[in-house]
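Listed below are the residues making up each chain.
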Amino acid sequence: MTNAQQVTSEILSIEPVGSYYHVVFSAPSIAEFVEPGHFVAVAVGGVGSAMLLRRAFSIHRATPGHSIEVIFAAHGQGTEWLSTTRRGDLIDIVAPLGTPFALPNQPIGAVLVAGGYGAAPMGMLAQALRERGCEVEVILGAATETKLFGVLDLARDADSVTVTTDDGSSGLRGRVTDALPNAIERINAKVVYACGPMAMLKAVARVASEHGAFSQCAVEESMACGIGVCMTCVLPVIGDDGVTRMVRSCVEGPVFRGDRVRWDDVHTVPSDVFGAPVVGGH
Ligand SMILES: Cc1cc2nc3c(=O)[nH]c(=O)nc-3n(C[C@H](O)[C@H](O)[C@H](O)COP(=O)(O)OP(=O)(O)OC[C@H]3O[C@@H](n4cnc5c(N)ncnc54)[C@H](O)[C@@H]3O)c2cc1C
Ligand code: FES
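Residues numbered from 1 in each chain as written. Chains lettered and ligands numbered in written order. Predicted model: local features only at pLDDT ≥ 70, side-chain atom pairs only at ≥ 80, totals over all residues.

Considering the sheet that holds strand 5 (residues 61-63)
Just so we agree on the cut-off: Only strands that DSSP links by at least two bridges are regarded as paired with each other. Helix numbers and strand numbers start at the N terminus; a helix is a DSSP run of H or I with at least 4 residues, a strand a run of E with at least 2. Every angle, taken between N-to-C directions, lies between 0 and 180 degrees, and every axis is a line fitted to C-alpha atoms, over only the stretch in contact when it is a helix.
Strand order across the open sheet formed by 7 strands is 4-3-7-1-2-6-5, with antiparallel pairing between neighbours. Bordering the open sheet on either side are strand 4 (55-58) and strand 5, each of which pairs with just one other strand. The sheet shows a mean angle of 35° between the axes of neighbouring strands, taken without regard to direction.

Laid out in structure tokens, this is it:
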């Protein structure tokens, strides 16, 4: 969180894109520090609002000296409010936050997997990987065509894009994980990057491991503070020493190694976690 700044940002534009909204925040002092996988915490509701908690969004794009961009779905009180903002409105934001995707030192094959608005950070990531000489395949999935995001942009940023939809309205009918084994094998991928719903991340991490690839998963846990002080966002993660700890996804994450997250135990405190209360103890 070293370079995170809290600024009053002007909305430079906000417009609907498919099922989502695309918002551009002025952020001249922030943008240069953004790496793929960072997020921004946005104060919602305006001055005097009862909505005390900021809302977290992946940073979609950053233009150094100018702006950062976000893609969001309006579904609850805070995001509905954000969708009613207009160009010129002033909003309090904190960014860049979190631990971004780790980038390889070698020019290896990488598969990027995203569900719905999980595609938001993938363009920046694909560009960063290709600058390192990596071959990049993208798999984008959604329940239905209108919930896909970024297909055309990613076709430009990556070497190839495969689309899947649950209902077959676009691309292959099925899940992103149906297309993943072939993509890994086609480019002999050593790493799979993923952003989307938890169930998708769990499945991607499993398929990646089965095919000998590392996975880096950007999780979306509820975050109350976004800066590491409230412990709302913890999940059980296995450390290098083999010990499971409850780890803050806003600081140590949101990107974690997929084989280290105890996906079946998310939203619980497993009994073997470091520091867990001893049942029947005093
Ligand atoms: C790292 C990260 C990246 C994200 N990226 C995107 C993105 O790119 N696009 C997008 O559309 N969405 C993204 N989200 C999800 C987005 O943050 C939520 O959709 C948004 O917070 C919903 O706000 P709301 O007011 O509309 O919904 P509501 O459901 O009305 O409110 C959600 C609020 O309640 C808080 N909350 C929920 N459960 C708890 C709890 N148990 N304890 C404490 N607080 C709780 C949340 O932190 C949030 O502030 C991301 C989330 C994270 C964590
Ligand atoms: S959201 Fe408060 S510690 Fe992570």
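Back to the text.
Describing the domain arrangement of the protein
For clarity, the threshold we go by: The split of the chain into domains comes from an automatic or database domain assignment. In this description, any two residues whose backbone-derived C-beta atoms lie within 7 Å of each other are considered to be in contact. Each residue is assigned to one class: nonpolar for Ala, Val, Leu, Ile, Met, Phe, Trp, Tyr, Cys and Pro, charged for Asp, Glu, Lys and Arg, and polar for all the others, Gly among them.
The assigned domain composition of the protein is domain 1 (5-97), domain 2 (101-218) and domain 3 (224-282). Computed over C-alpha atoms, the centres of domain 1 and domain 3 are 28 Å apart. On the side of domain 3, 6 residues touch domain 1, which itself brings 8 residues to the contact. Sorting the residues of the side of domain 1 that touches domain 3 by element identifies strand 3 (39-42) and strand 7 (90-97) as the ones contributing at least two each. Among the residues making up the side of domain 1 that touches domain 3, the classes are represented as 6 nonpolar, 1 polar and 1 charged.

Comments concerning the pairing of strand 9 (residues 135-142)
Put simply, side chains in a regular strand alternate between the two faces of the sheet. Stated formally: With C-beta atoms placed from the backbone, a residue is labelled by how many other C-beta atoms lie within 10 Å of its own: buried for 20 or more, exposed for 12 or fewer, partly exposed between the two. Convention used here: a crossover is right-handed provided that the path from the first strand, over the helix, to the second strand proceeds clockwise when the strands point away from the viewer.
Counted residue by residue, strand 9 has 7 buried out of 8 residues, so it is predominantly covered. As paired strands, strand 8 (residues 109-115) and strand 9 are joined by 7 bridges and run parallel to one another. Of the residues in strand 9, the one forming a bridge with Leu112 is Val138. Remark: the strand 8/helix 2 (residues 122-131)/strand 9 crossover connection has right-handed handedness. For strand 9 and strand 10 (residues 160-165), the ladder comprises 6 bridges, and the chain directions are parallel. When the sheet's bridge partners are listed, Ala142 is paired in strand 10 with Thr165.

Some words on unusual backbone geometry
With the exception of glycine, most residues fall at negative phi, and the peptide bonds are largely trans. Going from Ala95 to Pro96, the amide bond is cis rather than trans, its omega being -10°. With respect to the helices, strands and loops of the structure, Pro96 is situated in strand 7. Between Gly253 and Pro254 the backbone carries a cis peptide bond, its omega angle lying at 15°. Even without a glycine there, the phi angle at Asn188 is positive, about 50°. With respect to the helices, strands and loops of the structure, Asn188 is situated in the loop between helix 4 (176-186) and strand 12 (189-195). A positive phi angle is found at His267, which is not glycine, with a value near 75°. Structurally, the position occupied by His267 is in the segment after strand 16 (255-257).

Structural notes on the packing of helix 4 against helix 5 (residues 198-210)
Axes are the key here: two packed helices are described by the angle between their axes and the distance separating the axes. For the record, the criterion: An angle counts as roughly parallel when it lies under 35 degrees, as roughly antiparallel when it exceeds 145, as roughly perpendicular when it falls between 65 and 115, and as oblique in every other case. Each crossing gets its hand from how the near helix is turned against the far one by less than a right angle, where anticlockwise is left-handed and clockwise is right-handed.
The contact between helix 4 and helix 5 brings their axes to 10 Å, and the two run at 25°. What the angle tells us is that helix 4 and helix 5 run roughly parallel. The two elements helix 4 and helix 5 cross, and the hand of that crossing is right-handed. On helix 5, the residues touching Val176, Thr177, Leu180 and Pro181 of helix 4 are Met200, Ala203, Val204 and Val207.

Regarding the sheet that holds strand 12
Pairing in this open sheet of 7 strands is mixed, and the strands run 11-10-9-8-12-13-16 from one edge to the other. What marks the edges here is a single partner per strand, and that holds for strand 11 (172-173) and strand 16. As paired elements, strand 12 and strand 13 (residues 214-218) share 5 bridges and run parallel to each other. Bridging from a neighbouring strand, Val191 pairs with Phe214 of strand 13. Strand contacts of helix 4: strand 8, strand 9, strand 10, strand 11 and strand 12, with the helix running at about 175° to strand 9, the strand carrying the most contacts.

Focus: the site of ligand 1
The condition is simple: Using a C-beta atom placed from the backbone, a residue is scored as near a molecule or strand whenever that atom is within 6 Å of it.
As a matter of local geometry, ligand 1 sits amid 23 residues, with Phe72, Gly76, Gly78, Thr79 and Ser222 nearest to it. Take the shell around ligand 1: its biggest share by element is 4 residues, from strand 4. Of the residues contributing to the shell around ligand 1, the split by class is 12 nonpolar, 8 polar and 3 charged. Both of domain 1 (5-97) and domain 3 (224-282) provide at least three residues apiece to the shell around ligand 1.

Section: the environment of Val136
Along the polypeptide, Val136 turns up in strand 9. For the pair Val136 and Phe149, spaced 13 residues apart in the sequence, the C-alpha separation amounts to 18 Å. Dropping the residues within four chain positions of it, Val136 is found in contact with Ala110, Leu112, Ala126, Leu129, Arg130, Ala158 and Asp159.

Some thoughts on the environment of Met198
Tracing the chain through its elements places Met198 in helix 5. In this structure, the C-alpha to C-alpha distance between Met198 and Phe256, residues 58 residues apart in sequence, is 12 Å.

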